[in-house]
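# Notes for the structure review
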Amino acid sequence: ESVKLLKPTALVGVSAQGGAFTEEVCKEMARNCEHPLILPLSNPTSKAECVPRDAYTWTNGKCVLFSGSPFDAVTLLDGRSFLPGQGNNAYIFPGVGLGSLVAGATSLTDQDFYVAAAALAEKVSPARLAQGCCFPPLDDIRSVSAYIAAKVAVNVIDSGRSSKYPPSA
């Protein structure tokens, strides 16, 4: 009823209530939004609010999904394949930490995390996006962290929050 009434565009699952995102809920999300964001983030897998195969099937592949647990790729009956990403702090925090250390940050702000998120998004290839995956491969974590660190360091320096370097002109 809530989804029908409120017409949300995103579901963020942090309840550890396996199966909370039902077929009815996911289908209603897809009726209300061209690409609903469905995030079953609870761990372990048995506590995930839904599994990617169900979400992709119930939304006819329309949803954007990442989970808190690793899941295998999903191929729908019509042959379309989707690769659910695993969203966790392994992507952002190492780069933010390294960038702040390199720059000698006196503080971290919301803007630093926005810069980190934008840098992470830049590292997602068109091929992975076409598979519905919002993250680069975890195998690339070191290069992705270094890229994020560089962007965060520049942001810290340019905003005058570096104890080591003056803002660039």
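Report on the accompanying structure.

## Observations regarding the overall build of the chain
When helices and strands are tallied, the chain shows seven helices and six strands. Tracing the chain from N to C terminus, the helices and strands come up as α-β-α-β-α-β-β-β-β-α-α-α-α. Along the first, second and third principal axes, the C-alpha atoms of the chain reach 55 × 35 × 30 Å. Out of the 169 residues belonging to the chain, those deemed buried represent 38%. Put simply, 62% of the contacts in the chain that link residues at least 6 apart link residues at least 24 apart. Once the 14 positive and 15 negative side-chain charges of the chain are each reduced to a mean point, those two points are 2 Å apart.

## Details of helix α7 (residues 141-158)
Counted at 1.5 Å a residue, the expected span for α7 with its 18 residues is 26 Å, and the 25 Å between its end C-alpha atoms agrees. Structurally, α7 contributes buried residues whose contacts are with α4 (93-103) and α5 (110-122). Remark: G160 follows α7 within two positions and exhibits a positive phi of approximately 75 degrees.

## Some thoughts on the packing of α4 against α7
At a closest axis distance of 7 Å, the pairing of α4 and α7 adopts a crossing angle of 45 degrees. Taken as axis vectors, α4 and α7 run oblique relative to one another. Considering only the axes of α4 and α7, their crossing is right-handed. In this structure, α4 contributes P94, G95, V96, L98, G99, S100 and A103 to the contact, and α7 contributes S145, I148, A149, V152, A153, V156 and I157. Split by residue class, the contact of α4 with α7 holds ten nonpolar, four polar and no charged.

## Notes on the sheet that holds strand β1 (residues 10-13)
One open sheet holds the four strands; their spatial order is β1-β2-β3-β6, and the pairing between them is parallel. Two strands lie at the open edges of the sheet, namely β1 and β6 (85-86), each paired on one side alone.

## A few points about the packing of aromatic side chains
One pass over the structure, following the stated rule, counts four aromatic pairs. Ring plane angle 90 degrees and centroid distance 6.3 Å describe the contact between F93 and F113, whose orientation is recorded as edge-to-face. You can see F93 sitting in helix α4 and its partner F113 sitting in helix α5, a full 20 residues away along the chain. Ring pairs connect the aromatic residues F66, Y91 and F135, which therefore count as one cluster. Between the NZ or CZ atom of K123 and the centre of the ring of Y147, over which it lies, the distance is 4.4 Å.

Cut-offs applied
Residues numbered from 1 in each chain as written. Predicted model: local features only at pLDDT ≥ 70, side-chain atom pairs only at ≥ 80, totals over all residues. Heavy atoms only, no water. Helix = DSSP H or I, 4+ residues; strand = E, 2+ residues; numbered from the N terminus. Buried < 20%, exposed > 50% of the residue type's maximum accessible area, 1.4 Å probe, protein only. Contact = heavy atoms within 4.5 Å. Lys, Arg positive; Asp, Glu negative; His and termini not counted. Charge placed at Lys NZ, Arg CZ, Asp CG, Glu CD. Expected span 1.5 Å × (residues − 1). Axes fitted to C-alpha atoms, helices over the stretch in contact; angles between N-to-C directions. Parallel < 35°, antiparallel > 145°, perpendicular 65-115°, else oblique. Left-handed = near helix turned anticlockwise from the far one by under 90°. Nonpolar A, V, L, I, M, F, W, Y, C, P; charged D, E, K, R; others polar. Pairing = 2+ DSSP bridges. Phe/Tyr/Trp six-rings, centres within 6.5 Å; stacked < 30°, edge-to-face > 60°. Lys NZ or Arg CZ within 6 Å of the ring centre and 35° of its normal.

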